[in-house]
Amino acid sequence: MEAMPCQNQRLGPRPQDEEPATTATGGGGGSRLIRFAEPSEDSGCPSPDSSSSSSNGVAAAAVTPIPAGIGPQLKLLPMNDQLRELQTIIRDKKSSRGDFVFSADRLIRLVVEEGLNQLPYTECTVTTPTGHKYEGVRFEKGNCGVSIMRSGEAMEQGLRDCCRSIRIGKILIQSDEETQRAKVYYAKFPPDIYRRKVLLMYPILSTGNTVIEAVKVLVEHGVQPSVIILLSLFSTPHGAKSIIQEFPEITILTTEVHPVAPTHFGQKYFGTD
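First, a word on scope: everything that follows refers to the structure included in this document.

Cut-off values and rules
- Residues numbered from 1 in each chain as written.
- Predicted model: local features only at pLDDT ≥ 70, side-chain atom pairs only at ≥ 80, totals over all residues.
- Heavy atoms only, no water.
- Helix = DSSP H or I, 4+ residues; strand = E, 2+ residues; numbered from the N terminus.
- Expected span 1.5 Å × (residues − 1).
- Buried < 20%, exposed > 50% of the residue type's maximum accessible area, 1.4 Å probe, protein only.
- Contact = heavy atoms within 4.5 Å.
- Pairing = 2+ DSSP bridges.
- Axes fitted to C-alpha atoms, helices over the stretch in contact; angles between N-to-C directions.
- Phe/Tyr/Trp six-rings, centres within 6.5 Å; stacked < 30°, edge-to-face > 60°.
- Parallel < 35°, antiparallel > 145°, perpendicular 65-115°, else oblique.
- Left-handed = near helix turned anticlockwise from the far one by under 90°.
- Nonpolar A, V, L, I, M, F, W, Y, C, P; charged D, E, K, R; others polar.
- Salt bridge = Lys/Arg side-chain N within 4 Å of Asp/Glu carboxyl O.
- Core = buried A, V, L, I, M, F, W, Y, C linked by side-chain atoms within 4.5 Å.

Across its 12 residues, helix α4 (residues 209-220) extends 17 Å between first and last C-alpha, which sits within 8% of the 16 Å expected from 1.5 Å per residue. All buried positions along α4 are accounted for by Thr210, Val211, Ile212, Glu213, Ala214, Val215, Val217 and Leu218. Positive backbone phi, approximately 95 degrees, marks Gly222, located one or two places after α4.

Below is the structure:
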């Protein structure tokens, strides 16, 4: 019996591998990137620049471009209104902790799913209950997660929800009180991590120093930067650029690049704010 091909095979380049647009589209339904505005003096909401507005009369601030010097190693999730709403709730200081955690978990799940999509798959043929042959793909084994404590631990459950038996290591890095430099205090990995592809989890990339130290520890354990996929929710241009300059082969996956990162994430997620 002839095999039944998968009907939704991807044709052409992946959307996130294409060069992102640098301007917002109007009401025609085109793709949009992140818009930020300066805060208004008489309103609790951001007030957009007066020179930019959409076709339906709602003003919008200019799109924040990805800074120069960051190449295809940085991948952004395709923007849509659902993603923007989750980002808005996480950034809103008025959001309750319940709404914050719920939205953060949803955003984490989206990032994790796309992170898994960056890992290798092999083609396979299976038999359906009706006896037909189906040509599909199967996830390759040999992957693991590593969370940078403490905020990175917020992403562990999202990874386990997608990969029930995946092994997860941990790294604890804190700033030295005297030198203000990132210092590794604890690291525990699967013993064969040097043979695995690593999903490194850290939700907020501000300066990038913590991630750089974490990658150095992984390299010391035999992990090549080319097999590390950094999963984050928000990144600053400086943070992403610093990481890629230090490790040009690493892959960074995030939902947003903007100079202002929600650095309150860990404290609010774990209820210590």
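Following the structure, the description resumes.
This part takes up the side chain of Ser242. Relative to the elements of secondary structure, Ser242 occurs in helix α5 (residues 237-246). In contact with Ser242, other than residues within four places in its own chain, are Thr207 and Ile212.

On to the sheet that holds strand β10 (residues 228-231). The 7 strands lie next to each other as β2-β12-β10-β8-β5-β6-β7, forming an open sheet whose pairing is mixed. Two strands close off the open sheet at either side, each with one partner strand: β2 (74-76) and β7 (182-188). Along the sheet, successive strands turn relative to each other by an average axial angle of 25 degrees, direction set aside. The sheet contact formed by strand β5 (residues 143-149) and strand β8 (residues 197-201) spans 5 bridges and is parallel. When the sheet's bridge partners are listed, Gly145 is paired in β8 with Leu199.

On to the packing of aromatic side chains, then. If you walk through the whole model with that rule in mind, you get 4 aromatic pairs. Here Phe100 and Phe265 contribute two aromatic rings whose centre-to-centre distance is 5.5 Å and whose plane-to-plane angle is 50 degrees, an arrangement assigned as tilted. Taken together, the residues Phe100 in helix α2 (residues 97-117) and Phe265 in helix α6 (residues 265-269) connect sequence positions 165 residues apart. Phe100 gets classed as buried once you look at its relative accessible area, which sits at 0%. For Phe265, a relative accessible area of 0% gives the class buried. By way of ring pairs, the aromatic residues Phe100, Phe265, Tyr269 and Phe270 are connected into one cluster.

To continue, consider the packing of α4 against α5. Across the interface, α4 lies against α5 with an axial gap of 9 Å and an inter-helix angle of 25 degrees. By the criterion of interaxial angle, the relationship of α4 to α5 is roughly parallel. In the packing of α4 onto α5, the handedness of the crossing is right-handed. Facing Val211, Ile212 and Lys216 of α4, the residues of α5 in contact are Ser242, Ile243 and Glu246.

Another aspect to go through is the packing of helix α1 (residues 81-91) against α2. The contact between α1 and α2 brings their axes to 9 Å, and the two run at 140 degrees. Taken together, the axes of α1 and α2 lie oblique to each other. For α1 against α2, the interelement crossing comes out left-handed. Mapping the contact onto sequence places Gln82, Leu83, Leu86, Gln87, Ile89 and Ile90 in α1 and Asp99, Phe100, Ser103, Ala104, Arg106, Leu107 and Leu110 in α2. Each residue belonging to the contact of α1 with α2 can be placed in one class, and the counts come to 8 nonpolar, 3 polar and 2 charged.

Before going further, it helps to examine the pattern of salt bridges. Under the counting rule described, the total for this entry stands at 7 salt bridges. The closest approach of N and O atoms between Glu213 and Lys216, which form a salt bridge, is 3.7 Å. Remark: Lys216 and Glu213 occur in helix α4; sequence separation between them is 3 residues, near one turn of the helix.

What follows deals with the nonpolar core. As a rule of thumb, soluble globular proteins bury nonpolar side chains together. If you look at the biggest cluster of nonpolar residues, it comprises 31 residues, and the most contacted ones within it are Leu159, Leu231, Leu233 and Phe265. Elements with a minimum of two residues in this core: α1, α2, β8, β10 and α6. Here the element with the most residues in this core is α2; it accounts for 8 residues. Residues Ile70, Ile171, Ile228 and Ile252 belong to the second largest nonpolar core, which totals 30 residues.

Residue Arg150 is bonded to the preceding Met149 through a cis peptide linkage, with omega at 5 degrees. By the element assignment, Arg150 lies in the loop between β5 and α3 (156-162).

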